[in-house]
Amino acid sequence: MNEQSTAIPKAQSQFGAVWQQFRVHRGAVFGLIVLGLLAGFVIFGPLFWPEVKLKVVEALKVKNQGPSLRFPFGTDQLGRDMMVRMMAAGKVSLAVGFVAMIIAIFVGTGIGILAGYFKRLDGPLMRLTDLFLSLPLIPLLLVLVMLFRDTIASGLGPELGAFLLIVFAIGITSWMQAARIVRGEVLALKEREYVLAAKSIGVPARRVILRHILPNIISPVMVAATLGVAEAIITESVLSFLGLGFPPDFPTWGRLLFDGLQYIQLYPERVIWPGLAISLTVLSVNYIGDGLRDALDPRIRGR
Amino acid sequence: MLTFTLRRLLLALPTLLFISLIIFLLVDLAPGSPMSEIPLTVPPEVRQKMIEALGADQPVFVRYILWLRQFFWVEPANLIDGCFGSNLAGDEQRILSWQSRAPVFTVIGQRIPQTLTVIGTAYLLGIAIAMPIGIYSAYRQYSFFDQMGTLVAMIGFSVPTFFSGTLFIIIFAVWLHWFPTKYDTTLLVTDWPSFVLQLKQMAMPVMVLALANAAAISRYMRSSMLENMGQDYVRTARAKGMTERVVVLKHVLRNSLIPVVTVIALGIPSIFGGAIITENLFGVNGIGAALIGAIHANDLPMVQTLAFIFAVLIVVFNLIADVLYGLLDPRIRYE
């Protein structure tokens with residue numbers, strides 16, 4: 001690296017090195033900024049733009065309005081402020097994406113490690129993964145939601161029920177990619193000298209996995225997790241879009257789009273705002289994933 | 001190759017059985033089964049008879065086997081009867097839709113042509129768009145065209161079809177009045193004007209799906225081309241004095257197509273799944289719309305059958321992709 005000077009360059013933390021490579025990726029930085037803005041809008045927006053409770057008569061007067069100073073995004077057919085609804089919906093959409101991703105990554109990493117590390121489990125677990133990969137996901141999710149929505153809603157309340165059902169359903173049907181990636185990595189890591197050394201001094205399997213293997217598969221898992229968020233958000237909005245997602249008083253961006261579809265000829269902006277929000281979120285998450293993949297790969301880093 | 005194909009076929013069977021079991025159990029064990037929806041005014045002994053008549057008092061596995069028998073024996077037998085006028089199926093009970101009381105497969109048979117016209121055209125168009133873009137992007141890597149291609153593909157990945165579809169409706173149907181917003185299934189193509197009408201109503205759904213597919217396929221095409229561009233045989237071909245045209249379109253393209261063909265085969269079932277959205281948005285009366293309609297109407301046999309057909313499609317095309325890969329690439333030997 002440094003041919004001219006014999007001085008050892010200042011040691012760089014791993015995070016610093018990753019960040020430096022990440023910064024070079026223009027799309028990834030753009031994605032980070034856009035996602036940050038969207039998250040800020042959704043999380044801190046309601047602090048600056050509190051919901052104004054209108055009486056029924058007032059709401060009737062202001063229904064179906066276009067953008068104005070009072071309602072920057074206009075109002076819907078019930079006189080509700082679209083800006084407030086966009087914020088509330090975004091919070092749910094992002095939450096669904098993240099929680100579903102966490103479930104999927106948790107299951108996927110677990111199965112991947114078990115399959116990669118324990119030879120006896122490899123066959124059955126990978127067969128299981130293949131089986132899940134050949135399930136028709138969207139139809140299955142639709143059926144799941146249709147069959148279990150009412151029961152779960154009556155047990156846990158419509159909001160929490162819908163949230164848990166959809167998050168769980170998406171998470172449990174999207175862990176396969178992560179499992180495959182993790183298994184491949186573990187298979188390679190298992191034969192490395194330090195793992196053999198740890199095994200030979202009698203470290204139990206649990207500790208080998210937690211101390212030596214898990215930290216080394218963080219990078220591919222992080223990339224898979226990032227892309228998983230995008231996929232989960234799209235899946236959720238597809239369900240909501242088909243009318244089998246969240247209830248209308250607890251909307252997500254997909255649900256807002258579905259609601260706006262009836263008024264598309266008169267008020268196309270009601271479809272455009274949520275759709276734009278979904279697309280921007282997914283686009284920026286995908287770009288972040290792309291940048292992370294480059295930044296976390298030591299073969300590309302430092303080039 | 002043949003033994004490999006046979007082995008894969010044998011392996012596909014347990015997969016299909018497992019998936020059918022999942023689908024069957026999911027629908028069967030779910031709360032809100034049809035048995036609970038018999039009105040309370042029906043006397044208990046009549047209710048008991050109704051349940052017996054429907055076979056719902058049998059154990060789960062008996063019902064599962066019976067369902068399988070209907071699916072794999074009675075329905076194909078009916079199909080053969082329909083084709084050759086034989087009488088294999090006899091008077092066996094077919095899978096009936098609760099919505100229309102018609103056999104499920106009759107309904108699906110009516111719906112499939114719509115799906116195939118729209119989705120099939122869209123997929124072919126998507127491939128036709130993606131190929132040249134992928135090839136040229138790889139040939140001029142990091143050029144302006146390549147950068148734009150990457151950006152557009154990224155946007156194509158990220159914008160969900162239901163949003164690009166609604167945007168198309170707003171722009172082309174609401175503002176420009178070029179195309180109708182809804183697809184008219186009853187339109188018969190008999191002469192030139194009706195053909196133009198058919199093209200017009202197909203334009204938007206086909207465009208939406210084609211663009212979404214083109215985004216993915218063009219990226220695969222590009223990376224596959226790039227992998228081959230640096231190979232020794234390409235340098236040899238150039239050294240022999242072949243024209244660039246021959247080098248790129250004959251030597252590189254043919255080898256690069258191998259993985260892309262498998263990707264295309266693997267994508268076909270997900271096209272059917274993704275078409276659920278497009279069909280609903282544009283009102284194409286295909287099998288995706290049938291699924292949603294059945295779900296909203298609680299038509300469980302229809303839902304089970306359609307979900308299982310989607311699963312069969314996935315398994316079959318996985319198999320086809322594997323076999324194709326072995327056939328096309330002489331380096332791959334499964335034996």
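1. Let's talk about unusual backbone geometry
Most peptide bonds take the trans form, and the phi angle of most residues other than glycine is negative. All names here are of chain B. Even without glycine at this site, tyrosine 142 takes up a positive phi of about 65°. If you trace the backbone, tyrosine 142 turns up in the loop between helix 4 (104–139) and helix 5 (144–158). One non-glycine residue, histidine 177, lies in positive phi territory at about 55°. For histidine 177, a count of 9 C-beta atoms within 10 Å puts it in the exposed group.

2. Let's talk about the packing of helix 4 of chain B against helix 5 of chain B
Residues and elements named next belong to chain B. Axis separation between helix 4 and helix 5 bottoms out at 8 Å; the angle between their running directions is 130°. Judged by the inter-axis angle, helix 4 sits oblique to helix 5. In this structure, helix 4 meets helix 5 at a crossing whose hand is left-handed. Mapping the contact onto sequence places Ile133, Tyr136 and Ser137 in helix 4 and Phe145, Asp146 and Gly149 in helix 5. In terms of residue class, the contact of helix 4 with helix 5 is built from three nonpolar, two polar and one charged.

3. Examining the interface of chain B and chain A
Across the contact, 35 residues belong to chain B and 33 residues belong to chain A. For the side of chain B that touches chain A, the secondary structure elements donating two or more residues are helix 1 (2–29), helix 5, helix 6 (161–175), helix 9 (244–282), helix 10 (287–296) and helix 11 (300–328) of chain B. In terms of residues, the side of chain B that touches chain A owes the most to one element, helix 11 of chain B, which gives eight residues. Within the side of chain B that touches chain A, the residues separate by chemical class into 28 nonpolar, seven polar and no charged.

4. A word on the packing of helix 12 (residues 218–241) of chain A against helix 14 (residues 269–296) of chain A
All names here are of chain A. Look at helix 12 against helix 14: their axes get within 9 Å of each other, and the N-to-C directions meet at 170°. The orientation of helix 12 relative to helix 14 falls into the category roughly antiparallel. Only Ile278, Thr281, Val282, Val285, Asn286, Ile288, Gly289, Leu292, Arg293 and Leu296 of helix 14 make contact with helix 12, whose side of the interface consists of Ser219, Met222, Val223, Thr226, Leu227, Val229, Ala230, Ile233, Ile234 and Ser237. When the residues that make up the contact of helix 12 with helix 14 are grouped by side-chain class, the tally is 13 nonpolar, six polar and one charged.

5. Here we look at the confidence of the model for chain B
Detailed reading of the predicted model is not advised wherever pLDDT is low. Residue and element names in this part refer to chain B. Of the residues in chain B, 93% reach a pLDDT of 70 or more, and the chain-wide mean stands at 82. Across chain B, helix 8 (residues 232–239) holds the top mean pLDDT of 90, while helix 2 (residues 44–53) sits lowest at 77. Interface confidence in the predicted complex, given as ipTM, is 0.80; pTM for the same model is 0.84.

6. What to know about the nonpolar core
Core analysis: the largest hydrophobic core is formed by 147 residues, its most contacted members being Leu142, Val145 and Ile166 of chain A together with Leu306 of chain B. Top element by residues in this core is helix 5 (residues 82–117) of chain A. It accounts for 16 residues. Apart from residues no more than four positions distant in its own chain, leucine 142 of chain A is found in contact with Leu239, Leu242 and Leu244 of chain A together with Ile295 of chain B.

Conventions used here
- Numbering of residues starts from 1 in each chain and follows the order in which that chain's sequence is written.
- As a convention, the first chain written is A and the first ligand written is 1, with the rest following in written order.
- Restriction of local features to residues with pLDDT of at least 70 applies here, the model being predicted, together with a cutoff of 80 or more for giving and counting side-chain atom pairs; totals for whole chains, interfaces and linings are based on all residues.
- Only DSSP runs of H or I with at least four residues qualify as helices, and only runs of E with at least two residues qualify as strands; both kinds are numbered from the N terminus onward.
- In this scheme the burial state of a residue depends on its C-beta neighbours within 10 Å: 20 or more other such atoms mean buried, 12 or fewer mean exposed, and anything in between means partly exposed; the C-beta positions come from the backbone.
- Note on geometry: axes are C-alpha line fits, over the in-contact stretch for helices, and angles between N-to-C directions span 0 to 180 degrees.
- Throughout, the term roughly parallel applies to angles under 35 degrees, roughly antiparallel to angles over 145, roughly perpendicular to angles from 65 to 115, and oblique to all others.
- Note: crossing handedness is left-handed where the near helix turns anticlockwise from the far helix by less than a right angle, and right-handed where it turns clockwise.
- Residue pairs qualify as contacts under a 7 Å threshold applied to their C-beta atoms, which are placed from the backbone.
- Amino acids outside the nonpolar list (Ala, Val, Leu, Ile, Met, Phe, Trp, Tyr, Cys, Pro) and the charged list (Asp, Glu, Lys, Arg) are all regarded as polar, and Gly is one of them.
- The quantity called pLDDT is the predictor's confidence in a given residue, expressed from 0 to 100.
- The nonpolar core is taken to be a set of buried Ala, Val, Leu, Ile, Met, Phe, Trp, Tyr and Cys residues joined by way of C-beta atoms within 7 Å.

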